[in-house]
Amino acid sequence: MALFLTSHMEKNGLFSQRIRLRHLHTFVAVAQQGTLGRAAETLNLSQPALSKTLNELEQLTGTRLFNRGRLGAQLTLVGEQFLTHAVKVLDAINTAGQSLNGKHDHAVDIVRIGALPTAALGILPSVIGQFHKQQKNTTLQVATMNNPMILSGLKSGDLDLGIGRMSDPELMVGLNYELLFLESLKLVVRPHHPLLRDTVTLSRVMEWPVVVSPKGTAPRHNAEVMLQMQGCKLPSGCIETLSASLSRQLTVDYDYVWFVPSGAVKEDLRQGCLVALPVTSPGAGEPIGILTRVDTPLSTAAQTLLSAIRKSMPI
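Residues numbered from 1 in each chain as written. Predicted model: local features only at pLDDT ≥ 70, side-chain atom pairs only at ≥ 80, totals over all residues. Heavy atoms only, no water.

**Concerning the packing of aromatic side chains**
Then step 1. Tallying each qualifying case throughout the model produces two aromatic pairs.
Then step 2. Between Phe27 and Phe82 the ring centres are 5.1 Å apart and the planes differ by 65°, which places this aromatic pair in the edge-to-face class. With Phe27 in helix H2 (residues 21-33) and Phe82 in helix H5 (residues 77-100), the pair connects residues that are 55 residues apart, well separated along the chain.
Then step 3. Judged by its relative accessible area of 0%, Phe27 falls in the buried class.
Then step 4. Following the ring pairs from residue to residue traces out a cluster consisting of Phe27, Phe66 and Phe82. (Phe/Tyr/Trp six-rings, centres within 6.5 Å; stacked < 30°, edge-to-face > 60°. Helix = DSSP H or I, 4+ residues; strand = E, 2+ residues; numbered from the N terminus. Buried < 20%, exposed > 50% of the residue type's maximum accessible area, 1.4 Å probe, protein only.)

Have a look at this one:
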């Protein structure tokens, strides 16, 4: 037993001595971007240099942090757990730097929200308008991010509220989840798209340029399942992006077909800015909900925002 403890302490000590900030920055960038290529661009590194740093980190941890394949770089369960700690460390260093420079923000009326990009576009505009009628002096800090980053941001205390998806039970420890709605996948185009003059089939749709979420995201997975079920595949030359605003603008202005979660385009469909093609996605839809911390009470401002989100949902 004593030998095991000594070995365990030596391993932890070695990890602490050799871990560097570049390892953590690289790890978090890959987790955020979903591919090594995009992460390398974000950090202004070559992809071989980034891969080398990531390999060093996995050797230090003694385990794989990402599964790397055709779907990009997807966090393993251990990787998602390590992400929480990595974000905490980088945030603590950033806070320390702010305090040394006298730039620490002492404002107390701030609500910090992390949301999936399409959920932010579909839910937050009307909610924020309602919220500020009651909380005119409260600052809202809104960040769009993928689901693992929302979970880690809540656990590290960087976020007050999240709008995202339920995850594995191990990763939901310490978090509350409240279902808001089920989000189906839609294929949308501009009102005068040439496709609307034809008989619409999925194979016909795939003859046009497509805007789709990056590999490793739930909307992309659902799109590929839909296509596979009907013997189709995405065309070459797709636009892959997490930016809902960019996707929307491309679809409104040009002849792109956008694979998009329904919540992000409900207002555009209602107003006729976009049109949904008569293509049905499989399944009941992806559950989207509110995520909060179990052990931290919400501020009055955050509770008001939460109430506005609930009221915005159809009964």
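Picking up where we left off.
**What to know about helix H4 (residues 47-61)**
Then step 1. Taking 1.5 Å of rise per residue, the 15 residues of H4 would be expected to cover 21 Å, and the 21 Å separating its terminal C-alpha atoms lies within 8% of that figure.
Then step 2. Among the residues making up H4, those that are buried are Leu50, Ser51, Thr53, Leu54, Leu57, Glu58, Leu60 and Thr61.
Then step 3. Gly62 occupies a position one or two residues after H4 and carries a positive phi of about 75°. (Expected span 1.5 Å × (residues − 1).)

**Topic: the sheet that holds strand E6 (residues 175-183)**
Then step 1. Read from one edge of the open sheet, five strands run E4-E3-E5-E12-E6, paired in mixed fashion. Edge positions in the sheet fall to strand E4 (139-144) and E6, since each of these pairs with one other strand and no more. Averaged over all pairs of adjacent strands, the angle between strand axes in this sheet comes to 20°, irrespective of strand direction.
Then step 2. Two strands pair when backbone bridges link them, and strand E5 (residues 161-164) and strand E12 (residues 286-293) are joined in this way by three bridges, in the antiparallel orientation. Bridged to Ile163 within E12 is Ile290. (Pairing = 2+ DSSP bridges. Axes fitted to C-alpha atoms, helices over the stretch in contact; angles between N-to-C directions.)

**Description of the layout of surface pockets**
Then step 1. Approximately 660 Å³ is the volume attributed to the second largest pocket.
Then step 2. When contributions to the lining of the second largest pocket are tallied by element, the ones reaching two or more residues are H2, strand E2 (72-75), helix H6 (117-134), helix H7 (147-156), helix H9 (218-229), helix H10 (244-253) and strand E10 (257-261).
Then step 3. Considering every element that reaches the lining of the second largest pocket, the biggest residue donor is E10, with four residues.
Then step 4. In terms of residue class, the lining of the second largest pocket is made up of 20 nonpolar, 14 polar and five charged. (1 Å grid on protein atoms, 1.4 Å probe; cavity = no way out; pocket = protein on both sides within 12 Å on 5 of 7 lines; lining within 4 Å. Points joined across faces, edges and corners; volume = space filled by probe spheres on them. Nonpolar A, V, L, I, M, F, W, Y, C, P; charged D, E, K, R; others polar.)

**Things to note about the sheet that holds strand E11 (residues 275-276)**
Then step 1. Read across the sheet, five strands follow the order E9-E8-E10-E7-E11 without closing on themselves; strand pairing throughout is mixed. Two strands lie at the open edges of the sheet, namely strand E9 (239-240) and E11, each paired on one side alone.
Then step 2. Direction of pairing for strand E8 (residues 210-212) relative to E10: parallel, over a ladder of two bridges. Each residue of the ladder has a partner; that of Val211, found in E10, is Trp258.

**Side note on the nonpolar core**
Then step 1. Judged by nonpolar contacts, the single largest core of 57 residues is most densely connected at Phe27, Phe66, Ile123 and Leu305.
Then step 2. Each residue touching Phe66, except ones within four places of it in the same chain, is listed here: Phe27, Val30, Ala31, Leu54, Glu58, Ala73, Gln74, Leu75 and Thr76. (Core = buried A, V, L, I, M, F, W, Y, C linked by side-chain atoms within 4.5 Å. Contact = heavy atoms within 4.5 Å.)

**Here's the deal with empty space enclosed by the protein**
Then step 1. Overall, the coordinates contain one cavity of 30 Å³ or more when judged by the stated rule.
Then step 2. Along the walls of the largest cavity sit Arg165, Glu183, Ser184, Leu185, Ala218, Pro219, Asn222, Pro261 and Glu286, which together make up its complete lining.
Then step 3. Top element by residues in the lining of the largest cavity is H9. It accounts for three residues.
Then step 4. Partitioned by chemical class, the residues of the lining of the largest cavity number four nonpolar, two polar and three charged.

**Some words on H9**
Then step 1. The first and last C-alpha atoms of H9 sit 17 Å apart over 12 residues, in line with the 16 Å expected at 1.5 Å per residue.
Then step 2. Buried within H9 are the following residues: Pro219, Arg220, Ala223, Met226 and Leu227. End-on, the buried residues of H9 take up no more than an arc of 125°, which puts them together on one face. Every exposed residue of H9 that faces more than 90 degrees away from the buried side is listed here: Gln228 and Met229.
Then step 3. Of the surrounding secondary structure, the elements contacted by the buried residues of H9 are strand E7 (185-189), helix H8 (202-205), E8, E9 and E10.
Then step 4. Looking at the residues trailing H9, positive phi occurs at Gly231, about 70°. (Arc of directions from axis to C-beta.)

**Quick notes on the packing of H6 against helix H12 (residues 300-312)**
Then step 1. Orientation of H6 relative to H12, taken along the N-to-C sense of each, is 130°, at an axis distance of 9 Å. The orientation of H6 with respect to H12, classified from their angle, is oblique. The two elements H6 and H12 meet at a crossing, and its hand is right-handed. Mapping the contact onto sequence places Ile123, Val127, Gln130, Phe131 and Gln134 in H6 and Ala301, Thr304, Leu305, Ala308, Ile309 and Ser312 in H12.
Then step 2. Residues that form the contact of H6 with H12 fall into these classes: seven nonpolar, four polar and no charged. (Parallel < 35°, antiparallel > 145°, perpendicular 65-115°, else oblique. Left-handed = near helix turned anticlockwise from the far one by under 90°.)

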